[in-house]
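Each chain, written out:
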Amino acid sequence: MAVSSLPKPSTTAINYLSPKYPSRFSTKNPTFINFSTFHSVFQSKWRNQLGFDCVRVAGDRRGSAVVRCTAEGIERSIPFGRRSIGSTAEDRAAAVGGVVFGLPERFKVVALTAFVMCLCNADRVVMSVAIVPLAAKYGWSSSFLGIVQSSFLWGYIFSSVVGGALVDRYGGKRVMAWGVALWSLATLLTPMAANHSTTSLLAIRAFFGLAEGVALPSMSTLLSRWFPGHERASAVGMSMAGFHLGNVVGLLLTPIMLSSIGVTGPFLLFSSLGLVWLMSWIPGVANNPRDSQNISTSELRLIEAGKVDSTRHNATHLPLSRLLSKLPTWAIIFANMTNNWGYFVLLSWMPVYFKTVFNVNLKQAAWFSAIPWGTMAVSGYFAGTTSDALIKSGYPVTLVRKIMQSIGFIGPGLGLLCLNFATTPTVAAVLMTVALSLSSFSQAGFLLNMQDIAPQHAGFLHGISNSAGTLAAIVSTIGTGYFVEWLGSFQAFLTVTAMVYFMAAIFWNLFATGEQVF
């Protein structure tokens, strides 16, 4: 309720700040205050004592007024007399009375984003585990296993560019919501498709990939709008930590549910979680902090002061020819290709690797495969916070991006070379843990660099680079199957992957930049 709509008292204005009224605002029968007189005294007093402005913004049903201060996330509820409850977010929050400490709205956004990224990867990895009993049931060869594993990427490659363009136009909230709804449906239908025919399975997995292709562009664009530049790497690190924890959740829960419920169990669980998440996402998140009904003025001011304004729509569409004419674009594209090449080899083949090379059972293979992804979540968040700290302390963005990406490529390359000499599953798990933990530094490298060089077209650039990365993932996933069938071991392909990492690191350091190009 606006201040002007309060009923005007018929009595003389009372100054509750005078010594005559030592109880201040806690009278048994509160009297209405002449707010025009009171406001200047109150605001001045709080400004002088606390060092920042405090203003009355709303009231509650008990006759309190919420005083919001420029110190972020703090609200105080102070009785000013009986009044009806208002309809704003502040009114509803104040209805509980007392002192209200509000969680910054951007933290709620990143928490929901991290959860859905966890679900995104958990839905993917279910098939990496379920494919072992399915292959035994249907007699699939190693080469055909690679085809089934890669079928997810067939749809993924087509939706990345379109999804990125849709995100630039409609924002991350709406596109992410549609993506989750569709991939949850595809997850639910996967076991039924497998029972029907191999063709149906490949088709539903391709549809699943088509829906999931919008997840990363949506995440990247949404967080760039909700977080200032010096917090963006941490926000992406937190969301990607959820993404990697999805591997852990999927790898650990799937074998348990397969043995207790059957093949349909894990697919039913994760599809249901997607629908539950949608019920919180749709009413609780806005594309842009300016459109949020729950954000405080101080938080909005903090966000807008700390970033380039990438929220306004650019009427001029960036031509693909111009985008591809710059070497920093190709640095991002090659980095994405390399990252996906190694990532999907390990994601798709780790359970099969441990079962084939070290002859461990499915549950043990899941545990050995899950540990590296858990540490990757932690190291990715560490990379993000370290990157933010370096930039905040004055290091050039270009230098920080190059350092982080170099660690993200050279580290896993060395880890995969050493993996060729592992003789026990424990040693192999340690080396994979090192490789994946260091590869997560790429999140503070090329993944953030898209917003650096093209803040107005980051979704489109993300789509282009992600499509190229998906093509590389298809080649590596299928290629691993053929290499294993041809040579009888994983070692040769691990060496090839390590060499790809080293070459990409050189190209990145030569041509990447943290400056805006488009």
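What counts and what doesn't
- Residues numbered from 1 in each chain as written.
- Predicted model: local features only at pLDDT ≥ 70, side-chain atom pairs only at ≥ 80, totals over all residues.
- Heavy atoms only, no water.
- Helix = DSSP H or I, 4+ residues; strand = E, 2+ residues; numbered from the N terminus.
- Buried < 20%, exposed > 50% of the residue type's maximum accessible area, 1.4 Å probe, protein only.
- Contact = heavy atoms within 4.5 Å.
- Areas by Shrake-Rupley, 256 points an atom, 1.4 Å probe, with all protein chains shown as cover.
- UniProt positions renumbered as here; feature names shortened; annotations may be inferred.
- Salt bridge = Lys/Arg side-chain N within 4 Å of Asp/Glu carboxyl O.
- Axes fitted to C-alpha atoms, helices over the stretch in contact; angles between N-to-C directions.
- Parallel < 35°, antiparallel > 145°, perpendicular 65-115°, else oblique.
- Nonpolar A, V, L, I, M, F, W, Y, C, P; charged D, E, K, R; others polar.
- Expected span 1.5 Å × (residues − 1).
- Phe/Tyr/Trp six-rings, centres within 6.5 Å; stacked < 30°, edge-to-face > 60°.
- Core = buried A, V, L, I, M, F, W, Y, C linked by side-chain atoms within 4.5 Å.
- Domains from an automatic or database assignment.
- Lys, Arg positive; Asp, Glu negative; His and termini not counted.
- Patch = residues over 30% accessible without salt bridge, like charges linked within 9 Å, V, L, I, M, F, W, Y side chains within 5 Å.
- Polar contact = N/O pair within 3.5 Å; in protein donor to acceptor, adjacent residues only side chain to side chain.

A look at the overall build of the chain
Right, so step 1: Counting its regular elements, the chain contains 18 helices and four strands.
Right, so step 2: Going through the 518 residues of the chain one by one, you find that 56% of them count as buried.
Right, so step 3: Restricting the contact set of the chain to residue pairs at least 6 apart, pairs at least 24 apart contribute 77%.
Right, so step 4: Of the roughly 21,400 Å² that the chain leaves accessible, carbon and sulfur atoms contribute 66%.

Re the UniProt feature "transmembrane region" (unreviewed entry) in the chain
Right, so step 1: Sequence positions flagged by UniProt for "transmembrane region" (unreviewed entry) are, in local numbering, residues 144-168, 235-261, 330-350, 370-391, 403-422, 460-484 and 490-511.
Right, so step 2: Here residues 235-261 runs as 96% helix and 0% strand, with 37 Å between its end C-alpha atoms.
Right, so step 3: For residues 460-484, the end-to-end C-alpha separation is 36 Å, with 100% helix and 0% strand making up the annotated structure.

A closer look at the pattern of salt bridges
Right, so step 1: Tallying each qualifying case throughout the model produces seven salt bridges.
Right, so step 2: In this structure, the salt-bridge partner of Glu299 is Arg106, at a minimum N-O distance of 3.1 Å. Of this pair, Glu299 sits in helix α10 (residues 297-305) while Arg106 sits in helix α3 (residues 105-138), and the two are 193 residues apart along the sequence.
Right, so step 3: Ionic pairing is found between Arg401 and Asp452, a salt bridge with its closest N-O pair at 2.6 Å. Of this pair, Arg401 sits in helix α14 (residues 397-419) while Asp452 sits in helix α16 (residues 446-453); the two residues are 51 residues apart in sequence, bridging distant segments of the chain.
Right, so step 4: Relative accessible area serves as the criterion here: at 4%, Arg401 is assigned to the buried category.

Observations regarding the packing of α3 against helix α7 (residues 215-226)
Right, so step 1: For the pair α3 and α7, interaxial distance at closest approach is 11 Å and the crossing angle is 170 degrees. Our classification of the angle between α3 and α7 gives roughly antiparallel. From α3, Glu105, Arg106, Val109, Val110, Thr113, Met117 and Cys120 reach across to α7, where they touch Ala215, Leu216, Met219, Leu222, Leu223 and Trp226.
Right, so step 2: Here the contact of α3 with α7 is composed, by residue class, of 10 nonpolar, one polar and two charged.

So, helix α17 (residues 458-487)
Right, so step 1: Between its first and last C-alpha, α17 extends 41 Å over 30 residues, near the 44 Å set by a 1.5 Å rise per residue.
Right, so step 2: Along α17, 22 of the 30 residues are buried, which leaves the element largely enclosed by surrounding structure.

Re the packing of aromatic side chains
Right, so step 1: Tallied over the entire structure, the rule returns 10 aromatic pairs.
Right, so step 2: Ring centres of Phe334 and Phe507 lie 4.8 Å apart, and the angle between their planes is 75 degrees; on these two criteria the pair is classed as edge-to-face. Taken together, the positions of Phe334 in helix α12 (residues 327-358) and Phe507 in helix α18 (residues 491-511) put the pair 173 residues apart, joining distant regions of the chain.
Right, so step 3: Among the residues examined, Phe334 registers a relative accessible area of 32% and is labelled partly exposed.
Right, so step 4: By relative accessible area, Phe507 is classed as partly exposed at 22%.
Right, so step 5: Each ring, one from Phe507 and one from Phe511, has its centre 4.8 Å from the other, and the planes form 55 degrees; the classification is tilted. Taken as a pair, Phe507 and Phe511 lie in helix α18 at a separation of four residues, close to a single helical turn.
Right, so step 6: Since its relative accessible area comes to 28%, Phe511 is described here as partly exposed.
Right, so step 7: Joined through ring pairs, the aromatic side chains of Trp330, Phe334, Phe507 and Phe511 make up one cluster.

Considerations on the nonpolar core
Right, so step 1: Counting residues in each nonpolar core, the largest one holds 115 residues, and the members touching the most others are Met176, Met219, Phe354, Trp373 and Leu419.
Right, so step 2: Looking at which element gives the most residues to this core, the answer is α3, with 16 residues.
Right, so step 3: Looking at which domains feed residues into this core, each of domain 1 (103-286 + 294-305) and domain 2 (322-517) gives three or more.

Things to note about the environment of Ala181
Right, so step 1: Topologically, Ala181 is positioned in helix α5 (residues 172-196).
Right, so step 2: Ala181 sits in the partly exposed class, given a relative accessible area of 26%.
Right, so step 3: Through-space distance from the C-alpha of Ala181 to that of Leu275 is 6.8 Å; in sequence the pair is 94 residues apart.

A short note on the side chain of Lys402
Right, so step 1: In this structure, Lys402 sits in helix α14.
Right, so step 2: Summary of buried charges: Lys402 has no salt-bridge partner, and the nearest side chain of opposite charge, Glu515, is 10 Å away.
Right, so step 3: Setting aside residues no more than four positions away along its own chain, Lys402 makes contact with Trp508, Asn509 and Ala512.

Let's talk about a nonpolar patch on the surface
Right, so step 1: Judged by side-chain polarity, Leu185, Leu188, Leu189, Met192 and Leu268 come together as a nonpolar surface patch covering roughly 420 Å² of accessible area.
Right, so step 2: Broken down by element, the residue count for the nonpolar patch peaks at four residues, all from α5.
Right, so step 3: Summarising the element assignment, Leu188 is placed in helix α5.
Right, so step 4: Under the relative-accessibility criterion, Leu188 is labelled partly exposed at 34%.

A word on the side chain of Glu212
Right, so step 1: Along the chain, Glu212 turns up in helix α6 (residues 198-212).
Right, so step 2: With relative accessibility at 0%, the residue Glu212 sits in the buried group.
Right, so step 3: Only 2.7 Å separates the side chain of Glu212 from the side chain of Arg124, close enough to count as a polar contact.
Right, so step 4: Apart from the residues lying within four places of it in its own chain, the contact partners of Glu212 are Cys120, Asp123, Arg124, Phe152, Tyr156 and Trp183.

Here's the deal with the environment of Leu436
Right, so step 1: Among the structural elements, Leu436 can be located in helix α15 (residues 425-439).
Right, so step 2: Sequence separation of Leu436 and Gly374 is 62 residues, and the distance between their C-alpha atoms is 9.6 Å.

Considering the environment of Leu471
Right, so step 1: As for its placement among the helices and strands, Leu471 is situated in helix α17.
Right, so step 2: A sequence separation of 314 residues divides Leu471 from Ile157, and the C-alpha atoms of the two residues are 6.7 Å apart.

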